[in-house]
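One-letter residues, chain by chain:
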Amino acid sequence: MQPKLKEKRWDKAKEQLLLGLWEKEKLYKFRPGRKIFSIDTPPPYPSGRPWHIGAAAHYSQIDMIARTARMQGFSVYFPIGIDRNGLPVELYTERKYGIHLQDVSREEFIKLCRSSLDDLEAEMLEIMRKMGLSCDFQNYYRTDSDEYRALTQQTFIWLWEKGLIYEDTRPNNYCFDCGTTLADAEVIYEERPTWLVYIKFRVKETGEDILIATTRPELLCACQAVAVNPQDSRYNHLPGKHAVLPLYGREVQIIAHPVAKPEFGSGIVMICSYGDYTDVRLFRELGLPEIIAINPEGKLTHVAGPYAGMRIEEARKQIIKDLEELGLVEKKEKLMHRTPLCERSKTPIEIIPMREWYLKQTDFLEEMRKIAEELEWHPSASKQLLLNWINSVTLDWPVSRRRYYGTEIPIWYCKSCGKPNLPKPGKYWKPWCEDPPFSACQHCGSRAGFEGETRTFDTWMDSSISPLFTSRKDRKLYPITLRPQGKDIVRTWLYYTLLRCWQLTGKSPFKKVWIMGYGVDEHGQKMSKSKGNVIDPIPILEKLGADAFRFWSATEASLGSDFRCSEARIQAASKFLTKLWNVSRFISAFPEKKAQKLEPLDSWILSELDKLIKECMRGYEELNFFVPSNAIRDWVWNIFAPHYLELVKPRAYSEDPSACFTMHYCLRALLELLAPICPFITDYIYRELYGKSVHLELFPKPAKHRTQINTEELIELNSRIWKEKKERGLSLKAEIQEMVLPENLAVIQDDLKAAHNVKSLRLGKELEIKFG
RNA sequence: GGGCCGGUGGUCUAAUGGUAGGACGCUGCCCUUACGAGGCAGAGGUUCCAGGUUCGAGUCCUGGCCGGCCCACCA
């Protein structure tokens, strides 16, 4: 026996060699054809090591989508970009250099961010290349390039002209750490402990004390009303009267309002500007004048009296202490409170009024729901994630940010009338450091000069036009075929892309959406640096190779579910590569032949192969790689290798045409079926044995092979024989003197006789074995 | 409070209403000429609970319980 594949196992070092070949041959170059499959690849954000192992798995699966589409006969447009705008890199840069944005000039800060990004980006591209991603690395784009930012600004100007942009001062989420307004989509919630403090207020008219429970005693100075529930019989007499704020002595009205829940706290609630969005709503509903108690530095304002200038936490502690000393605190309860945090910095946000630019979105919710219904979802259940979010949108999208590393808002304000002037679209504008391309105000005609806008856009303004950017050179690519993404950014990237592209083009930006779950740790816990359960994928990739990693990713969880990450499981998955290699190695010892007529055993395995192909195609159609990867593993390990190959061996050694044909036929099909998931090992074997790249092939089609053999019966028969030999302490090739073979399996009696070393065989009803 | 997803051997995961499979781990045996990073065999399950529909339920329905995520005005 002389196998063409010499080595005893797959060597992952060969992956490098293949990468070189693929690049040299330009194997994955986009060649526009009749059937185009385009992918709105998520531009990864290079936020530094370790790269999340779930993200690495995510990108391997996106690559599987591209490879699947190629093998289905599509021309695949698979771009790749790097997302470089916004807060994460600013925070990274601030940490890296130990500075704060305000400490250096804007030019200097931008330079530092750019250099951080360049390092991180190079590393990230290299990992993606090594994972075998078949995207267009030669033409990768950056979301902070002049061209990309010009497009973001252009789309803003278009939306402005459509009347969808307006400026307003309203209470907004504000992160003191990042120093900017945030959209609801950038706010996350976390249960954090806090004190629920019961404070005594005096009722002016009756002189009685009432108790008010609050988690925000420092906002006492911003209280404009006190509410009780109209159904609450304890407090029926209070509405219409006035409560006197302790410490401040100011009087506020007591109202009846269902917002006060009788069962919570004392049943009486104070309404302040602004403890939460209930307060915002009530201030608007009741027409209360707002009192600004917190300034943009996160400190109490002059209205707080003795607490002015203190930070929020400090003021809270102090006011509780003061109230306690005056005997005005009845009791304190520890409470887990759902605290709103800045998604990036994890700092609690405050609601403070700021003047910002808004993009209308509440007028478009009906259209968004319609698009959600029309999209093809993989898996179908993920549609609900988007609908949930759409149903919770109540305010327009604030798009201006008080940060530096982002796309500039292209506006200049007239120094005379103060009104905004926008440039013509098409160029990348930097109003904070450049003169406007016009000299007279479009509104008042004044030539008094202009003040450039200093703010930048929310980065989702950039990210949400990725389908427009990647299709910019060929409009036929729009709408994009498929958007793949993680379920954690449904409310941001997915929602905003649908919104913006709909507003700009009147079309859905893509036809299909593919949503993957999170990578969690081996106990099902979310990975986080603070828990110390983060797994760095890079050492694992280096140790076990990209194919092992990719195969693990495919087999680990069904599409859309969260998947557990552990090196042990990846290691375990890699065993299959050894198995596949050795099956191929065995077959590689025999010539590929044509067969005039197939032996019954060969027809049987080919009919089993038909079933496997159908099952794999079902998975590939759904873009659920869990299905084909598990089906292939199961088939190879439990049917093909132990039952078919073992029985065909005697004929194989004599180079029987039917056997040689069938083994190679199966192997080719297997390699083709697995190619999207494990592109390295399959291509290596395919090239060695069949002289061409598997990645230029199409998926195999199921034929209609007929067989009389019942697979279960055959497997059971083999197992019985092996078991009997075992129990007698015999070697598996020990001779069987006499065997009665069930008639159903008569057609393969010669194969069985040879494989099990049977001296004399006759047919009967049930299996009987006699040893010498 | 609402929504979505899930609850299957120690762990993880499958199963168009038709005998509950597989992987990892575990135990025992085997240097069998593709594979010891292997092979073979084996132990281990009232499929979360209670009802219902059905000839038949892990699967469908109802109601619980538990977990995860998302959303919502518990200050």
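Structure first, text after, so check above.
Our subject in this report is the structure included herewith. (Residues numbered from 1 in each chain as written. Chains lettered and ligands numbered in written order. Predicted model: local features only at pLDDT ≥ 70, side-chain atom pairs only at ≥ 80, totals over all residues. Heavy atoms only, no water.)

## So, the state of the cysteines
So, step 1. What the rule picks out here adds up to zero disulfides.
So, step 2. We note that C414 lacks a disulfide partner, and the nearest cysteine sulfur, in C444, lies 3.7 Å from it.
So, step 3. What makes C414 buried here is its relative accessible area of 3%. (Disulfide = S-S within 2.5 Å. Buried < 20%, exposed > 50% of the residue type's maximum accessible area, 1.4 Å probe, protein only.)

## As for the side chain of S603
So, step 1. Examined against the element boundaries, S603 turns out to sit in helix 16 (residues 600-621).
So, step 2. Overall, the relative accessible area of 15% leaves S603 in the buried class.
So, step 3. When sequence neighbours within four positions are dropped, the list of residues in contact with S603 reads L598, H705, R706 and T707. (Helix = DSSP H or I, 4+ residues; strand = E, 2+ residues; numbered from the N terminus. Contact = heavy atoms within 4.5 Å.)

## Considering the packing of aromatic side chains
So, step 1. Here the structure, examined in full by the defined rule, presents 35 aromatic pairs.
So, step 2. Consider the rings of F156 and W160, whose centres lie 6.1 Å apart with planes at 55 degrees: the pair is tilted. You can see F156 and its partner W160 sitting in helix 5 (residues 146-161), four residues apart, about one turn around the helix.
So, step 3. Since its relative accessible area comes to 0%, F156 is described here as buried.
So, step 4. A residue is classified by how much of its surface remains accessible, and W160, at 24% relative accessible area, is partly exposed.
So, step 5. With a centroid separation of 4.6 Å and an interplanar angle of 25 degrees, the aromatic rings of Y620 and F699 are classed as stacked. Placement of the pair is Y620 in helix 16 and F699 in the loop between helix 19 (679-690) and helix 20 (711-727), with a sequence separation of 79 residues.
So, step 6. The exposure class of Y620 is buried, given its relative accessible area of 0%.
So, step 7. Aromatic ring contacts, followed pair by pair, group F156, W160, W357 and F457 into a single cluster.
So, step 8. When the ring centre of W22 is taken as reference, the NZ or CZ atom of R67 above it lies at 5.1 Å. (Phe/Tyr/Trp six-rings, centres within 6.5 Å; stacked < 30°, edge-to-face > 60°. Lys NZ or Arg CZ within 6 Å of the ring centre and 35° of its normal.)

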